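Geometric and topological summary
Each chain, written out:
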Amino acid sequence: MSLFNPYIGRVSQYAEDLRRKGRKVREITCPDSVDDILRGLPVRVGPGAGTDLILRGDTFAELGNPEVGSASFILWTDDPSLVKSGRITVIGPDIPESEGASLPFGQVITVAGGRLSGDKHEVIEQTQFISDQIEGYMLKSMSRQMWGRISKDAAGKGFNFETLGRALMAIFKSSIPEIEAAEILFVTTSKGDLRPLQEMGEQIREISKNMSKDIWKSKGYDIECFSPFECSSCPDSAVCDEIKEMVNVHKKTKGNGKTEAEP
């Protein structure tokens, strides 16, 4: 699958451009196995790990408030050679040095695996929105914006962008075994620096939307999915829920070796 490959190169060039402009850049290299990625993290990671609402008074730092700007998207490829496995790049202030700050926030996750194909696209897209899976980290908004908060308690334990990056890598690799390599970019410099990422994000969302539509069509359903992560506002949500239930029943039926009845 090569649809996102050109954007992988563009993101790398974007990071290099910021480096040349004198932005503070830090690179961390993480191990490949999930166990090793998680070893030594200061917070819990996994379903239910982040169960608390982080109120403003409990917030150490805020990321991507609409007033300061945000940009986020995910890229995937079946060519692992395009991804620097385990690399986390942080451009701009890190969390421990940002107490009380509201930082602009850019996040780009790139994953690769020789067995990744179009049928994994929607799973990959949904996995980036980690909900309650990281202790001390809360996402307030998950569509075109990536608006999050880090709690004072998590910051006191040493939560930084290496923590967040490693947690995300572990979640992706645990959720999608076909992923062989993962790389993450965080940007917290300025709203202006985020504009190129925002422009890329718009293009990538359009590609993703068309891919999702094609996937549904290949299954025999022609629906327009406007926002797969804000289902409550989608006019097709009831139809979509029904289709998902039918697909689940179909999978269970096939697993039991029974013949599915025609609708």
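Throughout, residues of each chain are indexed from 1 in the direction in which the sequence is written. Per-residue local features of the predicted model are confined to residues with pLDDT of at least 70, and side-chain atom pairs are confined, for both listing and counting, to 80 or more; whole-chain, interface and lining totals are unaffected and use all residues. The side-chain quantities take in all heavy atoms of the structure and omit both hydrogens and water.

Helix and strand assignments follow DSSP, with helices taken as H or I runs no shorter than four residues and strands as E runs no shorter than two, numbered in order from the N terminus. Summing up its helical and strand segments, the chain has seven helices and nine strands in all. At a minimum sequence separation of 6, the contacts of the chain that also span at least 24 residues come to 84%. Just so you have it, the chain exposes about 13,000 Å², and 48% of that area is on carbon and sulfur atoms. Contacts were defined at the residue level, with two residues in contact if any of their heavy atoms lie within 4.5 Å. Where accessible areas are quoted, they stem from the Shrake-Rupley method and a 1.4 Å probe; at the residue level, only the protein chains shown are allowed to cover.

The next subject is helix α5 (residues 161-175). With 15 residues, α5 extends 21 Å from end C-alpha to end C-alpha; this agrees with the ideal 21 Å at 1.5 Å per step. Throughout, exposure labels follow a simple rule: accessible area from a 1.4 Å probe, protein chains only, divided by the maximum for the residue type, with under 20% read as buried, over 50% as exposed, and the rest as partly exposed. For α5, a buried count of 12 out of 15 residues is recorded, marking the element as mostly surrounded by other parts of the structure. Taken together, the buried positions of α5 are occupied by F161, T163, L164, G165, R166, A167, L168, M169, A170, I171, F172 and K173. The N-cap of α5, judged by a side-chain oxygen 3.1 Å from the amide nitrogen of E162 a few residues on, is N160. One less than the number of residues in a helix, times 1.5 Å, gives the span that helix is expected to have. Throughout this description, a polar contact denotes any pair of N or O atoms lying within 3.5 Å of each other; where both atoms belong to protein, one of them has to be capable of donating a hydrogen while the other can accept it, and for residues adjacent in sequence the pair is counted only when both atoms sit in side chains.

Summarising burial for strand β9 (residues 181-187): seven of the seven residues are buried, a large majority. In β9, alternate side chains face the same way, and those of A181, E183, L185 and V187 on one face and A182, I184 and F186 on the other are all buried. Whether two strands pair comes down to DSSP finding at least two bridges between them. Note that strand β4 (residues 87-91) and β9 share four bridges and pair parallel. Each bridged residue has a counterpart across the sheet, and for V90 the counterpart in β9 is F186. Pairing of strand β6 (residues 105-112) with β9 involves seven bridges; the strand directions are antiparallel. Pairing of T110 across the sheet is with E183, part of β9.

Attention now goes to the sheet that holds β4. Read from one edge of the open sheet, five strands run β1-β4-β9-β6-β3, paired in mixed fashion. Only two strands of the sheet have a single neighbouring strand rather than two, namely β1 (25-29) and β3 (70-77). When the angles between neighbouring strand axes are averaged without regard to direction, this sheet yields 10°. The axes used here are C-alpha line fits, helices contributing only the stretch in contact, and every angle between their N-to-C directions lies in the interval 0 to 180 degrees. Across the sheet, helix α1 (residues 5-20) lies against β1, β3, β4, β6 and β9, angled at about 135° from β3, the strand it touches most. The strands touched by α5 within the sheet are β1, β3, β4, β6 and β9, with β9 carrying the most contacts at an inclination of about 145°.

This next bit is on α1. Here α1 contains 16 residues, and its C-alpha end-to-end distance of 23 Å stays within 8% of the 22 Å for a straight helix at 1.5 Å per residue. Within α1, burial applies to N5, Y7, I8, V11, Y14, A15 and L18. One or two steps after α1, the chain reaches G22, where phi turns positive at roughly 90°.

Counted residue by residue, strand β8 (residues 147-151) has five buried out of five residues, so it is predominantly covered. Both faces of β8 are covered, namely the face carrying W147, R149 and S151 and the face carrying G148 and I150. Relative to β8, strand β2 (residues 59-63) runs antiparallel, the two being bridged by four bridges. Bridge assignment links E62 to a residue of β8, and that residue is R149.

For the rest of this paragraph, the subject is the side chain of T188. Summarising the element assignment, T188 is placed in the loop between β9 and α6 (191-218). Judged by its relative accessible area of 1%, T188 falls in the buried class. In terms of polar contacts, T188 uses its side chain to reach the backbone carbonyl oxygen of P93, at 2.7 Å. The contact partners of T188, leaving out residues within four places of it in the chain, are I91, G92, P93, L103, P104, F105 and F161.

Further remarks concern the environment of R205. Position of R205 among the secondary structure elements: in helix α6. For R205, a relative accessible area of 24% translates into the label partly exposed. Taking C-alpha positions, R205 is 7.9 Å from F73, a pair spaced 132 residues apart along the chain.

The next subject is the pattern of salt bridges. Between Lys or Arg on one side and Asp or Glu on the other, a salt bridge is scored when a side-chain nitrogen of the former is within 4 Å of a carboxyl oxygen of the latter. For the structure on display, the rule yields 16 salt bridges. For K24, the salt bridge goes to E97, with nearest N and O atoms at 3.3 Å. Of this pair, K24 sits in the loop between α1 and β1 while E97 sits in the loop between β4 and β5 (102-103), and the two are 73 residues apart along the sequence. Judged by its relative accessible area of 49%, K24 is partly exposed. It is possible to trace a salt-bridge network through shared partners that takes in E16, R19, R20 and E27.

The next subject is the confidence of the model for the chain. The pLDDT value tells you how sure the predictor is about a given residue, anywhere from 0 up to 100. Averaged over the chain, the pLDDT score is 85; the fraction of residues at 70 or greater is 78%. Within the model, pLDDT remains below 50 along residues 258-263, and this stretch shows four contacts once partners closer than five positions in the same chain are excluded.

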